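What follows is each chain in one-letter form.
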Amino acid sequence: MDVSVMSMLPQLLEGAKVTVLVAVFAGCLAFGAAVTAGLCRLSGWRTVRTAAAVYVELFRGTSLLVQLFWLYFALPFLGVELPKLPSAVLAVGLNFGAYGSEIVRSAILAVPKGQWEAATALNMTSYDRMTRIIFPQAFVRMLPPFGNLMIELLKSTSLVYFITLADMTYQAMLLRNQYYPMTPYIFALLLLFYFVLAYIVSLCTRWAERKAASGRM
């Protein structure tokens, strides 16, 4: 079959746009869910801690693929029908938000006790103490593990192929069905695309670490 590897790039690039879209929205949702759940796990109210623990254990303890299927295929039976993109963003974002909550919780607890005591001695409110003293210090500690988590999130977006969302993996499978003898080259390109995107996430994380840590030495 007379086809070049370069001729496959436009279709994979179209899939890359969808992959990046899912990763960006899911990443934002994951970060928001992680911060919220992480702070709730440290709440003085037992009901709040319990609700956060249920969310974390539920999403960490079940398969992301099953969660994706449940949102897209099962919810319509309950009268709620979500399009493919929102289903993918919700499943991936909430799943990784559950893992990220432990990063937030542990980073906050890692702030030296003296910082808590100093903020209390200054008669700061709980809100001011957390937003102005504790969380900024914890945020620097969160960045490296969050960078790793975002790379894992990016790679996990390949699962949206199973609900036929036209991401890179979906496009690669279409190319494979169309040009079967070119299968090794198609998946080599797919690996390269994921590597490049993951490396960009890694570079962005390092830049954020430097910016967050500047002036704190």
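Parameters and conventions
Residues numbered from 1 in each chain as written. Predicted model: local features only at pLDDT ≥ 70, side-chain atom pairs only at ≥ 80, totals over all residues. Heavy atoms only, no water. Phe/Tyr/Trp six-rings, centres within 6.5 Å; stacked < 30°, edge-to-face > 60°. Helix = DSSP H or I, 4+ residues; strand = E, 2+ residues; numbered from the N terminus. Buried < 20%, exposed > 50% of the residue type's maximum accessible area, 1.4 Å probe, protein only. Core = buried A, V, L, I, M, F, W, Y, C linked by side-chain atoms within 4.5 Å. Contact = heavy atoms within 4.5 Å. Patch = residues over 30% accessible without salt bridge, like charges linked within 9 Å, V, L, I, M, F, W, Y side chains within 5 Å. Areas by Shrake-Rupley, 256 points an atom, 1.4 Å probe, with all protein chains shown as cover. Salt bridge = Lys/Arg side-chain N within 4 Å of Asp/Glu carboxyl O. Axes fitted to C-alpha atoms, helices over the stretch in contact; angles between N-to-C directions. Left-handed = near helix turned anticlockwise from the far one by under 90°. Nonpolar A, V, L, I, M, F, W, Y, C, P; charged D, E, K, R; others polar.

### Some details on the packing of aromatic side chains
- Per the counting criterion, the structure on display carries 10 aromatic pairs.
- With a centroid separation of 5.2 Å and an interplanar angle of 55°, the aromatic rings of Tyr 55 and Phe 59 are classed as tilted. Taken as a pair, Tyr 55 and Phe 59 lie in helix H2 (residues 46–61) at a separation of 4 residues, close to a single helical turn. Here Tyr 55 and Phe 59 have matching classes, each one buried.
- Judged by centre distance (6.2 Å) and plane angle (50°), the rings of Tyr 161 and Tyr 170 are tilted.

### Concerning the nonpolar core
- Ranked by internal contacts, the top residues of the largest apolar core, which has 47 residues, are Met 142, Phe 146 and Leu 153.
- Those elements that place two or more of their residues in this core are helix H1 (9–40), helix H3 (64–74), helix H4 (84–109), helix H6 (126–156), helix H7 (168–178) and helix H8 (183–213).
- Looking at this core, the element that brings in the most residues is H6, giving 10 residues.
- If we ignore the near neighbours within four places in the chain, the residues touching Leu 153 are Ala 23, Ala 26, Gly 27, Ala 30, Val 92 and Phe 96.
- Counting 6 residues, the second-largest nonpolar core is a separate cluster that includes Tyr 55, Val 56, Phe 59 and Ala 98.

### Considering a nonpolar patch on the surface
- Judged by side-chain polarity, Leu 192, Phe 195, Val 196, Tyr 199, Ile 200 and Leu 203 come together as a nonpolar surface patch covering roughly 560 Å² of accessible area.
- Positionally, Val 196 belongs in helix H8.

### Section: the packing of H3 against H4
- Across the interface, H3 lies against H4 with an axial gap of 9 Å and an inter-helix angle of 145°. Handedness of the H3/H4 crossing: right-handed. Along its contact with H3, which presents Leu 64, Gln 67, Leu 68, Leu 71 and Tyr 72, the element H4 presents Lys 84, Ser 87, Ala 88, Leu 90, Ala 91, Val 92, Asn 95 and Phe 96.
- Of the residues contributing to the contact of H3 with H4, the split by class is 9 nonpolar, 3 polar and 1 charged.

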